[in-house]
Amino acid sequence: MMIGITGSEGFIGTAFRRYLTALGETPVSFPRSAFDDPAEMAALCGRCDALVHFAGLSRHPDGEFLLEINLRLTSALIEGLKNSGSHVHVYLASTTHEQRDLPYHESKRRSRRMFESWAAETGNAYSTLLMPNAFGPYARPFFNSVVSTFCYQAAHGQNPERIDPAELKLIHVRTLCREILRTVRRNDPGVTAVEFPHEYEIRLDRMWEILQNWRGQLVAGKTPLPADPFETDLLETFLSYCE
């Protein structure tokens with residue numbers, strides 16, 4: 001099965017591409033240039049049996065700009081799919097928070113409707129992937145997630161402006177990649193939505209306490225030891241910002 005990936009330069013897209021490569025797969029990466037070149041886009045779509053659409057902005061100070069860009073990317077991809085005549089199964093990477101009233105979430109809802117219309121018109125299979133907040137090493141701080149931000153700040157001796165006692169529901173990016181691939185290989189027919197369960201729950205203030213403790217141990221020349229699977233994954237993420 002040839003699996004295409006848009007947004008393979010982003011945090012989850014990069015992780016998924018590397019995950020596939022480690023399994024001996026050769027994914028089809030869609031460069032940014034393809035979204036401005038209908039012929040290149042159609043050629044790439046024609047090579048794929050499945051295509052996971054990660055490309056898009058997740059944050060931008062101008063919400064209308066974010067919405068415009070994400071919908072333009074969706075439109076360009078659908079045009080390429082139509083021009084290729086391919087029977088590719090498309091998977092849209094969305095979020096379990098899809099119903100929130102923010103431009104990013106609106107872009108996911110509208111993209112979902114656009115793909116569903118394309119699937120109804122062409123008979124292709126389409127799936128929405130509803131993903132929890134993902135974390136892992138080398139995510140972009142102050143952008144990808146509060147976990148990456150807090151890990152970066154703790155590693156560099158900084159303090160957050162504020163720490164809400166919010167409950168986080170998280171999934172490690174490695175687990176997320178595994179679940180995405182399982183879904184792609186299952187290849188459910190028709191128009192579907194798949195919600196991935198979160199892997200961990202932790203309060204934000206408790207996570208900061210753990211990170212501060214590890215920071216203190218490193219300064220004292222000690223090696224932090226994780227107490228459970230979540231701390232193992234969190235420590236791996238934290239140490240990626242200490243290099």
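Reading guide: rules and limits
- Residues numbered from 1 in each chain as written.
- Predicted model: local features only at pLDDT ≥ 70, side-chain atom pairs only at ≥ 80, totals over all residues.
- Heavy atoms only, no water.
- Axes fitted to C-alpha atoms, helices over the stretch in contact; angles between N-to-C directions.
- Helix = DSSP H or I, 4+ residues; strand = E, 2+ residues; numbered from the N terminus.
- Parallel < 35°, antiparallel > 145°, perpendicular 65-115°, else oblique.
- Left-handed = near helix turned anticlockwise from the far one by under 90°.
- Contact = heavy atoms within 4.5 Å.
- Pairing = 2+ DSSP bridges.

Asker: In this structure, what is going on with the packing of helix 5 (residues 146-155) against helix 8 (residues 229-240)? I would like to understand it.
Answerer: The description of two packed helices rests on the angle between their axes and on the distance between the axes. At a minimum axis separation of 8 Å, helix 5 and helix 8 run at an interaxial angle of 60 degrees. By the angle between their directions, the pair helix 5 and helix 8 is classed as oblique. Judged by the sense of rotation from one axis to the other, the crossing of helix 5 with helix 8 is right-handed. Here Val-147, Cys-151, Ala-154 and Ala-155 of helix 5 lie close against helix 8, whose contacting residues are Leu-234, Thr-237 and Phe-238.

Asker: Got a minute to help me understand the sheet that holds strand 3 (residues 50-53) in this structure?
Answerer: Where strands meet in a sheet, backbone hydrogen bonds hold them as pairs that are either parallel or antiparallel. Taken in spatial order, the six strands line up as 2-1-3-4-5-8 in an open sheet, and their pairing is parallel. Two strands in the sheet have a free side with no partner beyond their single neighbour: strand 2 (28-30) and strand 8 (191-195). Across this sheet, the average inter-strand angle for adjacent strands is 20 degrees, counted without regard to direction. Pairing of strand 1 (residues 3-6) with strand 3 involves four bridges; the strand directions are parallel. Following the sheet pairing, Thr-6 is matched in strand 3 by His-53. Contacts from helix 2 (residues 38-46) reach strand 2 and strand 3 within the one sheet, and its direction differs from that of strand 2 by about 155 degrees. The strands touched by helix 6 (residues 173-186) are strand 1, strand 3, strand 4 (89-95), strand 5 (126-131) and strand 8; relative to strand 5, the strand with the most contacts, the crossing angle is about 160 degrees.

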